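Listed below are the residues making up each chain.
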Amino acid sequence: MTDPAVVDPRTGPGPDADAPKGLDLDRLAAHLAVHRPELAAPPLRARLIAGGKSNLTYALRAGAGATRREVVLRRPPLGHVLATAHDMAREHRVISALAPTAVPVPAALLLCPDTDVIGAPFYLMEKVDGEVFRSRSQTDALTAGQRRGLAMAMMDTLADLHAVDPAAVGLADFGRPEGFLGRQVRRWAGQLDQSRSRPLPGIDELRDALAGSVPEGANAGRIVHGDYRLDNLLATVDADPATAGNPATAGNPATAGNPATAGSPASPGSPADTGGPVAVRAVLDWEMATLGDPLADLGLLLTYWDVLGDSDVAAGNPVADGLGPRAGFPAGRELIERYAGRGDVDVGPLHWHVALGCFKLAVICEGIHYRHTLGQTLGGGFDRIGDMVAPLVEHGLRAVREQ
């Protein structure tokens, strides 16, 4: 990963070594020396990759000079880990299974379920070059064609994921497709009960409305990511030959925010139109992956994109600041059209699935808010997570009534 916002660089191992919180480099080095010795060459260095709001991600560097190796480590968050959440074995299994498919994933290198090593289960994966687009400072620098190309590549990748036959990649038993949507409502209702620390007006009404109107889920049985969005992708966006080096257009804030140009189609035949300069290098954060209804992925994506990404709460928030129409990307309806044109999933109305996405994201945000109040979060941006719960509940109630 090449997220430029990294904090807490430390060296190790050794008696005087310091390490990012949540990572014991001495124990990790000893474990790697047995199981992956090529990743244990001293000095072992680590840094926390900032930006994630759930599981913790670290960049590891072993050795020096020609023998230096760089990999990525994932572990659950500190404290207050909800049951069935933050499953490292689940992430490791799904990226291992998807490796030979059209879905880009990092190579899985090692799974360690032993909590005695660093205090929690963890796994290692390859470091993939690319950028995680999560803020306006990043996306405003893109041309309109690049933003459109990035959004469409995101939807093509999701369609490719949903087209994978679970049985063909060894994931036939990865979940229980029957009754998936009803279980989602019950699961997130249970997670909510474990994360309540303050009054949350309307959230129980939203839960009950969802539980009382669960659709049949005709598309069940596909691999579902569970948290698919732009900033869970590593992508590369090359310079647009039409604007590269032109200060009047390239990364021009006036162009980026202009509704007449932002998110508009690239000119026919341009690299952005054909997908040339834009590529999804890896899909990340598979902790909630399962077998289920792919419309759940679409509903949650629209929650990030149209609900948070096109509302006042989006300005500067740590989850959706660089997403959606306000950031110059195409509207959600265009994303769904792109997805529907590539795959064989019957999309249909998505109001209920958007309402589920609002409920799920509200519960996740409340859980992160609760961990933040307990001092169990690492990095910045957590102080505003709790502000997102109320508008998510409000929109979810509107969506479930519309369906």
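Quantities reported herein were computed from a predicted structural model and do not represent experimental measurements.

**Quick look at the packing of helix α9 (residues 295-308) against helix α10 (residues 332-342)**
The contact between α9 and α10 brings their axes to 10 Å, and the two run at 150°. What the angle tells us is that α9 and α10 run roughly antiparallel. Like other packed secondary-structure pairs, α9 and α10 cross with a definite hand, here right-handed. Of the residues in α10, those touching α9 at L298, L302, W305 and D306 are G332, R333, L335, I336 and Y339. A class-by-class count of the residues in the contact of α9 with α10 yields 6 nonpolar, 1 polar and 2 charged.

**A few points about α9**
For α9, spanning 14 residues, the distance from its first C-alpha to its last is 18 Å, which sits close to the expected 20 Å at 1.5 Å a residue. Along its length, α9 reaches its greatest deviation from straightness, about 30°, at L302. For α9, a buried count of 13 out of 14 residues is recorded, marking the element as mostly surrounded by other parts of the structure.

**Let's talk about helix α12 (residues 389-402)**
With 14 residues, α12 extends 20 Å from end C-alpha to end C-alpha; this agrees with the ideal 20 Å at 1.5 Å per step. Residues of α12 that are buried: V389, L392, V393, G396, L397, A399 and V400. Down the axis of α12, the smallest arc covering the buried residues is 165°, so these residues share one side. More than 90 degrees from the buried face of α12, the exposed residues found are A390, R401 and E402. The secondary structure elements touched by the buried residues of α12 are α6 (203-211), α9 and α11 (351-373).

**Some points on unusual backbone geometry**
Cis peptide bonds are those with omega within 30 degrees of zero, and the linkage from P42 to P43 qualifies with -5°. Relative to the helices and strands, P43 resides in the loop between α1 (25-35) and β2 (44-49). Positive phi is not limited to glycine here, since D285 has a value of about 60°.

**Observations regarding the packing of aromatic side chains**
A full pass over the atoms with the stated rule returns 1 aromatic pair. A centroid spacing of 5.2 Å and a plane angle of 65° characterise the contact between W305 and F329, whose relative ring orientation is edge-to-face. Taken together, the residues span a long stretch of sequence, with W305 in helix α9 and F329 in the loop between α9 and α10 at a distance of 24 residues. The burial state of W305 is the same as that of F329; both residues are buried. If you follow R90 out to its NZ or CZ, it ends over the ring of F174, 4.2 Å from the centre.

Quick notes on the rules
- The residue numbers shown here count from 1 along each chain, following its written sequence.
- In keeping with the predicted nature of the model, local features appear solely for residues at pLDDT of at least 70, side-chain atom pairs appear and are counted solely at 80 or more, and the whole-chain, interface and lining totals rest on all residues.
- Side-chain measures here rest on the full set of heavy atoms in the structure, leaving out hydrogens and waters.
- All axes are obtained by fitting lines to C-alpha atoms, using only the stretch in contact for helices, and the reported angles, taken between N-to-C directions, cover 0 to 180 degrees.
- Starting at the N terminus, helices and strands are each numbered in turn, a helix being any DSSP run of H or I of at least four residues and a strand any DSSP run of E of at least two.
- What sets the label is the angle itself: under 35 degrees gives roughly parallel, over 145 gives roughly antiparallel, 65 to 115 gives roughly perpendicular, and the rest give oblique.
- Crossings are sorted by hand: turned counterclockwise from the far helix by less than a right angle, the near helix makes the crossing left-handed, and turned clockwise it makes it right-handed.
- Two residues form a contact once any of their heavy atoms are found within 4.5 Å.
- Polarity classes work like this: nonpolar for Ala, Val, Leu, Ile, Met, Phe, Trp, Tyr, Cys and Pro, charged for Asp, Glu, Lys and Arg, and polar for all others, with Gly in that last group.
- Here the expected length of a helix is defined as 1.5 Å per residue gap, with one fewer gap than residues.
- Bend, at a single residue, is the angle you get between axes fitted to the 7 residues ending at that residue and the 7 residues starting at it.
- Three labels apply to residues, based on accessible area from a 1.4 Å probe with only protein chains included: buried if under 20% of the type maximum, exposed if over 50%, partly exposed otherwise in between.
- Within this analysis, the arc is defined by the directions that extend from the helix axis to the C-beta atoms.
- Two aromatic rings, drawn from Phe, Tyr or Trp (for Trp, its six-membered ring), form a pair once their centres lie within 6.5 Å of each other, and the interplanar angle then sorts them: stacked below 30 degrees, edge-to-face above 60, tilted otherwise.
- Geometrically, a lysine NZ or arginine CZ counts as sitting over a ring once it is within 6 Å of the ring centre and also within 35 degrees of the ring normal.

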